[in-house]
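Commentary on secondary and tertiary structure
Each chain, written out:
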Amino acid sequence: PDPDWASHSLGIFICLNCSGIHRNIPQVSKVKSVRLDDWDDAQVEFMASNGNNVAKAKYESKMPPFYYKPTYLDCQLLREQWIRAKYERKEFIHSEKQEPYSAGYREGFLWKRGRDNGQFLSRKFVLSEREGALKYFNKNDAKEPKAIMKIEHLNATFQPAKIGNPHGLQITYLKDNSTRNIFVYHEDGKVRLWGQPEGLGCGPGAAQSQPLVPKLSRNYLKEGYMEKTGPKQTEGFKKRWFTMDDRRLMYFKDPLDAFARGEVFIGSKENSYKVLEGLPPSTQGNHWQHGITIVTPDRKFLFACETEDDQLEWITTFQKVISRPMLPQEYA
């Protein structure tokens, strides 16, 4: 939307957000406002003889089919690295420059947050397409990994605000049928979008750069605080951090907890799931007044939001999930 800026050295029109990224690579891209700046005849002629389609045909001529192409909805990191890969490094003109992410193997060090003490320590990570796994080791010379995360059960989202680092990444995987979170960051943050057909999710806030990109990744549908009560609905309400990941609504005491305190499966309307605005009249113990009731075949789940906007956003998110038919593997 609003391509009111242009790179007159590349011959392309861009939006305001991407114009800032182009300004950071002046040796490649020289930016002007379409409306505010003066243009000489030669610059206008160059724009007229090029344009976005011509640039795409040139600079994306050898783009790998698996490489994720960000949109304006993606975070700063993905857009910046896409622009740099395309125009600065010219990775999609010269196939030999694609080796780092087409090789299917990467190892390096990330700062990982300790599960119990919250301290970040350097850990060796290995990402292998052949093994279909991401592994990390507690010691550099360790023969056995501390954890093996199968890519088919793995998700990664950029979480700079939550982790408190511009290169923060939250990695989620299944361990003993429970969701396990690990939080990492990298110091230089250069990204390679290896084997990424579904795009990489961006957490709250704009990430600036990022280290590790696994094979599959998806956005969380929504995250934030709500209050909840227990199954008897007489325990009082407690404030919890909630993450809606596909059909799993997980809640944590702290956003950086390694394991969820609980998970709620959100099925489809065909299976008698529905979301209602408000709480039953007899409900007590909630401090926040904007209630949500989720009806499942087994019970009702009661939540309360701090603001009406939060309530509307959560209800909209739940409705999207419930209105989507379930897949065969989701029944399992």
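This one's a predicted model, so the numbers in the text were calculated from it and none came from an experiment. (Residues numbered from 1 in each chain as written. Predicted model: local features only at pLDDT ≥ 70, side-chain atom pairs only at ≥ 80, totals over all residues. Heavy atoms only, no water.)

**Considering the overall build of the chain**
- Within the chain, the regular secondary structure consists of eight helices and 18 strands.
- Expressed as a percentage of its 332 residues, the buried residues of the chain come to 50%.
- Long-range contacts, defined here as pairs at least 24 residues apart, represent 49% of the contacts in the chain between residues at least 6 apart.
- About 17200 Å² of surface is accessible on the chain, with carbon and sulfur atoms providing 48% of the total. (Helix = DSSP H or I, 4+ residues; strand = E, 2+ residues; numbered from the N terminus. Buried < 20%, exposed > 50% of the residue type's maximum accessible area, 1.4 Å probe, protein only. Contact = heavy atoms within 4.5 Å. Areas by Shrake-Rupley, 256 points an atom, 1.4 Å probe, with all protein chains shown as cover.)

**Here we look at the sheet that holds strand β2 (residues 12-14)**
- The three strands are arranged β2-β1-β3 in an open sheet whose pairing can be described as antiparallel. The two strands at the open ends of the sheet, each matched to only one other strand, are β2 and β3 (31-33). On average, each strand axis in the sheet is inclined to that of its neighbour by 30 degrees, with strand direction left out of account.
- With three bridges connecting them, strand β1 (residues 5-7) and β3 associate as antiparallel partners. Its bridge partner being in β3, S7 is matched across the sheet by V31. (Pairing = 2+ DSSP bridges. Axes fitted to C-alpha atoms, helices over the stretch in contact; angles between N-to-C directions.)

**Re the sheet that holds strand β18 (residues 300-305)**
- The strand order across the open sheet formed by seven strands is β15-β14-β13-β12-β18-β17-β16, and the pairing between neighbours is antiparallel. Two strands lie at the open edges of the sheet, namely β15 (262-265) and β16 (274-277), each paired on one side alone. Recorded for the sheet is a direction-independent mean angle of 35 degrees between the axes of neighbouring strands.
- Taken strand by strand, helix α7 (residues 308-322) contacts β12 (222-228), β13 (238-245), β14 (248-252), β16, β17 (290-295) and β18, and its axis lies near 110 degrees from that of β12.

**Topic: the pairing of strand β7 (residues 147-150)**
- Judged by which residues are buried, β7 turns out to be one-sided: A147 and M149 face inward and are buried, whereas I148 and K150, on the alternate face, are not.
- Both strand β6 (residues 133-137) and β7 contribute to a ladder of four bridges, which runs antiparallel. Along β7, the bridge assignment pairs L134 with M149.

**Quick word on the side chain of H167**
- Counting through the fold element by element, H167 comes out in the loop between α6 (160-163) and β9 (168-175).
- A distance of 2.5 Å separates a polar atom in the side chain of H167 from the backbone oxygen of H186. (Polar contact = N/O pair within 3.5 Å; in protein donor to acceptor, adjacent residues only side chain to side chain.)

**Comments concerning the environment of W288**
- Positionally, W288 belongs in the loop between β16 and β17.
- Setting aside anything within four residues of it in sequence, one finds W288 in contact with Y225, M226, E227, K239, A304, C305 and E306.

**Quick word on the nonpolar core**
- Of all hydrophobic cores here, the largest spans 20 residues; its most connected members are F125, L134, M149, I171 and I182.
- Elements with a minimum of two residues in this core: α4 (76-88), β5 (120-128), β6, β7, β8 (155-158), β9 and β10 (178-185).
- Take this core: its biggest share by element is three residues, from β9.
- Both of domain 1 (5-97) and domain 2 (103-194) provide at least three residues apiece to this core. (Core = buried A, V, L, I, M, F, W, Y, C linked by side-chain atoms within 4.5 Å. Domains from an automatic or database assignment.)

**Comments concerning α7**
- In this model, α7 (15 residues) spans 21 Å end to end at C-alpha, consistent with the 21 Å of a helix rising 1.5 Å per residue.
- Residues Q311, W314, I315, T317, F318, V321 and I322 constitute the buried set of α7. Mapping the buried residues of α7 onto a view down its axis gives an arc of 160 degrees, with all of them on the same face. Relative to its buried face, α7 has exposed residues pointing more than 90 degrees away, namely E308, D309, L312 and K320. (Expected span 1.5 Å × (residues − 1). Arc of directions from axis to C-beta.)

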